[in-house]
Amino acid sequence: MNLLVKELIQPLLNFNLNELEDYEMKYWAIYADIFDTLKKDPNKIYNILKNKLTGEHLKALEYFYNEYFLRPEKLMENCGCMHTQQPINFRSALASLTKYMIDQGYNITPLPKVKIINNDIENADNILGKTAYYDPSSCSITLYTLNRHPKDVLRSYSHEMIHRIQDNEERLNNVNTTNTNKDSNLQDLEKEAYLNGNMIFRNWEDSIKNK
Ligand SMILES: [Zn+2]
């Protein structure tokens, strides 16, 4: 890609960079039931719940109420159905998939931070470039999204979430290579991530399509 084209499209690529705030993701993935309760009668239920809830539950209540019910246009925009209907954008799909994993009992909390890189042109041009990785030291998942179908990125996320589980179970400690041909332990960890990551993704997809 020539330099001029790069300069022209760069601002577009940066748009929506890191659109996903970790706290929002957490609230949608873990406390979506609070949103559902609020939906029934927002003001009344907010006033009751704010005196009953504490800690993270209270924070989630404040978030949902302030973000969606004080601003009805946002409710319309997001259609308020991040977890109950077909997701309308990448961000709601990510939250929905995460919630599904938690509901299925996957050991993924505390949730990893999600970093979205959508402007790495060189990496996107490289046939064997990076697609995603889990970093145990910062408990984060990095997703490279440029030129990829969102569904493919979600599948990567699902794969990395299996590594998150392996980390929670302290099974990533003895890995000191990224070459699966050199380390049978890594080979097994990857097998598990490919199989379980793909299957949970497919199960989530089917659960939404057949709602
Ligand atoms: Zn992997």
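Source: prediction; values computed, not measured. Within any chain, residue numbers begin from 1 and follow the written order of that chain's sequence. Predicted model: local features are reported for residues with pLDDT of at least 70 only, side-chain atom pairs are reported and counted for 80 or more only, and whole-chain, interface and lining totals are derived from all residues. Working from all heavy atoms in the structure, the side-chain values ignore hydrogens and water.

Visitor: Just to check I follow, could you spell out the coordination of the zinc ion for this structure?
Guide: By definition of the ideal shapes, four donors in a tetrahedron about a metal sit 109.5 degrees apart, and six donors in an octahedron sit 90 or 180 degrees apart. Coordination shells were defined by N, O and S atoms within 2.8 Å of each metal, extended to 3.2 Å for Na, K and Ca; water is absent from the atom set, which can make sites look incomplete. Within the protein, the atoms that donate to the zinc ion are His-159 (NE2), His-163 (NE2), Glu-190 (OE) and Glu-190 (OE), at distances of 2.0 to 2.4 Å. For four-coordinate sites, all angles between 85 and 135 degrees define a tetrahedron; for four- and six-coordinate sites, opposite donors beyond 155 degrees with the remaining angles between 65 and 115 define square planar and octahedral shapes respectively, and all other cases count as irregular. One way to put it: the four donor atoms around the zinc ion meet at angles of 55 to 148°, and that makes the site irregular. Look at where the donors of the zinc ion fall in the sequence and you get H-x3-H-x26-E. A residue pair is termed long-range when its members are at least 10 positions apart, and His-159 in helix 9 (residues 150–168) and Glu-190 in helix 10 (residues 184–209) qualify at 31 residues. Under the relative-accessibility criterion, His-159 is labelled buried at 8%. Labels follow the DSSP assignment, with helices taken as runs of H or I lasting at least four residues and strands as runs of E lasting at least two, numbered in each case from the N terminus. Each residue gets one of three labels from its accessible area relative to the maximum for its type: buried under 20%, exposed over 50%, partly exposed in between, using a 1.4 Å probe on protein chains only.

Visitor: What's the story with the pattern of salt bridges in this structure? I'm lost.
Guide: Any carboxyl oxygen of Asp or Glu within 4 Å of a side-chain nitrogen of Lys or Arg constitutes a salt bridge here. Taken as a whole and judged by the stated rule, the model has 12 salt bridges. Across the salt bridge formed by Lys-26 and Glu-56, the nearest N and O atoms sit 2.7 Å from each other. Of this pair, Lys-26 sits in helix 2 (residues 22–30) while Glu-56 sits in helix 5 (residues 55–69); the two residues are 30 residues apart in sequence, bridging distant segments of the chain. Relative accessible area serves as the criterion here: at 27%, Lys-26 is assigned to the partly exposed category. By relative accessible area, Glu-56 is classed as partly exposed at 27%. With its nearest N and O atoms 3.9 Å apart, the salt bridge here joins Lys-39 to Asp-36. Taken together, the residues Lys-39 and Asp-36, both in helix 3 (residues 32–40) and three residues apart, mark about one turn of the helix. On the basis of relative accessible area, Asp-36 is assigned to the partly exposed category, the value being 24%. Among the ionic contacts, a cluster of salt bridges with common partners joins Lys-26, Glu-56 and Lys-59.

Visitor: I tried to follow the layout of surface pockets on my own but got confused; where do I start?
Guide: Regions of empty space are outlined by a rolling probe, equal in size to a water molecule, passed over the atoms. With a 1 Å grid laid over protein atoms only, a set of points is called a cavity when a 1.4 Å probe fits there but cannot get out and a pocket when it is open yet has protein on both sides within 12 Å along at least five of seven lines; lining residues have an atom within 4 Å of a point. Grid points are joined across faces, edges and corners, and a volume is the space filled by probe spheres set on the points. In this model, the largest pocket occupies a volume close to 710 Å³. In terms of lining residues, the largest pocket is bounded by 23 residues, among which Ala-132, His-159, Glu-160, His-163 and Glu-190 are the most central. Contributing elements (two or more residues each) for the lining of the largest pocket: strand 2 (132–135), helix 9 and helix 10. Considering each element in turn, the lining of the largest pocket owes the most residues, seven residues, to helix 9. Residue polarity is assigned by list, with Asp, Glu, Lys and Arg as charged and Ala, Val, Leu, Ile, Met, Phe, Trp, Tyr, Cys and Pro as nonpolar; anything else, Gly included, falls into the polar class. Classifying every residue of the lining of the largest pocket gives nine nonpolar, nine polar and five charged.

Visitor: Quick question: what am I supposed to make of the packing of aromatic side chains here?
Guide: To describe a pair of aromatic rings, one takes the distance between the centres and the angle between the planes. Whether two aromatic rings pair depends on their centres lying within 6.5 Å, for rings of Phe, Tyr and Trp, where Trp uses its six-membered ring; planes under 30 degrees apart make the pair stacked, over 60 edge-to-face, and the rest tilted. Scanning the entire structure with this criterion turns up 15 aromatic pairs. Note on Phe-35 and Tyr-68: the rings are 5.8 Å apart at their centroids and 85° apart in plane angle, and the pair reads as edge-to-face. Placement of the pair is Phe-35 in helix 3 and Tyr-68 in helix 5, with a sequence separation of 33 residues. Comparing Phe-35 with Tyr-68 shows no difference in burial state: the two are buried.

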